[in-house]
Amino acid sequence: MGKKEADPRKVVRKLMKAGKVKKKCCRSKPRCKKCPVLALQRAKADLKKAA
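This is a predicted model, so every value here is computed, not measured.

Criteria and thresholds
Residues numbered from 1 in each chain as written. Predicted model: local features only at pLDDT ≥ 70, side-chain atom pairs only at ≥ 80, totals over all residues. Heavy atoms only, no water. Helix = DSSP H or I, 4+ residues; strand = E, 2+ residues; numbered from the N terminus. Expected span 1.5 Å × (residues − 1). Buried < 20%, exposed > 50% of the residue type's maximum accessible area, 1.4 Å probe, protein only. Arc of directions from axis to C-beta. Contact = heavy atoms within 4.5 Å.

As for its placement among the helices and strands, D46 is situated in helix 2 (residues 36-50). Counting along the chain gives 38 residues from D46 to P8, while the straight-line C-alpha distance between them is 8.8 Å.

This is the structure we're talking about:
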């Protein structure tokens, strides 16, 4: 993700605009790669690991 930002929601929002993450969770697949919920969890974990 490059430069770490303070707010994981901003990171996910930027990924949504880039088309890397869906706008809504489809809830049809248990582990969708483009899920915004999982993307937010990953962003929080990355931020926690970087700090």
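Okay, back to it.
The end-to-end C-alpha distance of helix 2, which contains 15 residues, comes to 21 Å, matching closely the 21 Å that a straight helix rising 1.5 Å per residue would cover. Residues of helix 2 that are buried: P36, A39 and A43. Projected down its long axis, helix 2 shows its buried positions confined to an angular sector of 55°, all on one face. Residues of helix 2 that are exposed and point more than 90 degrees away from the buried face comprise K48 and K49. Buried residues in helix 2 make contact with helix 1 (8-18).

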